[in-house]
Amino acid sequence: MLKDHANVMALFLQAGEVVGRKKLQKIIYIAKKMDVPFSERFKFHMFGPYSEELSLRMEELCNLGFVEENKEDKGNYYQYRYALSTEGQKFLDLYQFDLPETSELIDCLNGQSSRFLELVSTLLYFEELTREEVKEKVFTLKKKSNYTEDDIEQAYQFIRSLRSLKQ
């Protein structure tokens, strides 16, 4: 149990701050697809792959004071900012965690918009299908997001670049 919590906390060592719950979900999902050892299980949801386990784990980490959650009122919605707290840093100094050095990958993901990561994670979720079938899924399931053929091609290029980071 603590190993999984520590791995999520270690992500913040490498990422610094992550802005947005959806973005955090997508970063961890995509990192997992790039063989980073996260254990959370994901299912397809309204905004792409989603892990209830990760949501609960983040709630626990915030309640324990290991991760700071800052809620910002943006008028018609709230945005959440996450970062490792001083207590979380102290914990990780004492605990052996399994997360390898992946700061290049994490920085690359954290530098993208939530919308783009939603598309990338959706493509990865359906990667066992043909490209045409994946496009059909995107245009059907993500109709309101108005993704274009160019968006999808950029996402595939981004996935290729992420995979090249692993080597």
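Keep in mind the model is a prediction, meaning the values are calculated, not measured.

Novice: Looking at this structure, how should I read the layout of surface pockets?
Specialist: A volume near 390 Å³ is recorded for the largest pocket. Lining the largest pocket are 16 residues; nearest its centre among them are Arg-21, Lys-22, Gln-25, Tyr-50 and Ser-55. Of the residues assigned to the lining of the largest pocket, the class counts are 7 nonpolar, 4 polar and 5 charged.

Novice: Where do I start with the packing of aromatic side chains in this structure?
Specialist: Working definition: an aromatic ring pair is given by the centre-to-centre distance plus the angle between the planes. One pass over the full model with this rule turns up 9 aromatic pairs. Between Tyr-29 and Tyr-125, the ring centres sit 6.3 Å apart and the planes meet at 40 degrees, which makes this aromatic pair tilted. Of this pair, Tyr-29 sits in helix α2 (residues 21–33) while Tyr-125 is found in helix α6 (residues 114–125), placing the two residues 96 residues apart along the sequence. Consider the rings of Phe-44 and Tyr-125, whose centres lie 5.3 Å apart with planes at 45 degrees: the pair is tilted. On the criterion of sequence distance, the pair formed by Phe-44 in strand β2 (residues 43–45) and Tyr-125 in helix α6 is long-range, its members being 81 residues apart. A relative accessible area of 25% places Phe-44 in the partly exposed class. Accessibility expressed as a relative area gives 26% for Tyr-125, which makes it partly exposed.

Novice: Would you explain the pattern of salt bridges in this entry?
Specialist: Pairs may arise between side chains of opposite charge once their charged atoms sit close together. Across all of its chains, the model carries 18 salt bridges by this definition. Here Asp-4 and Lys-3 are joined by a salt bridge, their closest N and O atoms 4.0 Å apart. Judged by relative accessible area, Lys-3 falls into the partly exposed class, the value being 36%. With a closest N to O distance of 3.8 Å, Lys-135 and Glu-132 form a salt bridge.

Calculation rules
Residues numbered from 1 in each chain as written. Predicted model: local features only at pLDDT ≥ 70, side-chain atom pairs only at ≥ 80, totals over all residues. Heavy atoms only, no water. 1 Å grid on protein atoms, 1.4 Å probe; cavity = no way out; pocket = protein on both sides within 12 Å on 5 of 7 lines; lining within 4 Å. Points joined across faces, edges and corners; volume = space filled by probe spheres on them. Nonpolar A, V, L, I, M, F, W, Y, C, P; charged D, E, K, R; others polar. Phe/Tyr/Trp six-rings, centres within 6.5 Å; stacked < 30°, edge-to-face > 60°. Helix = DSSP H or I, 4+ residues; strand = E, 2+ residues; numbered from the N terminus. Buried < 20%, exposed > 50% of the residue type's maximum accessible area, 1.4 Å probe, protein only. Salt bridge = Lys/Arg side-chain N within 4 Å of Asp/Glu carboxyl O.

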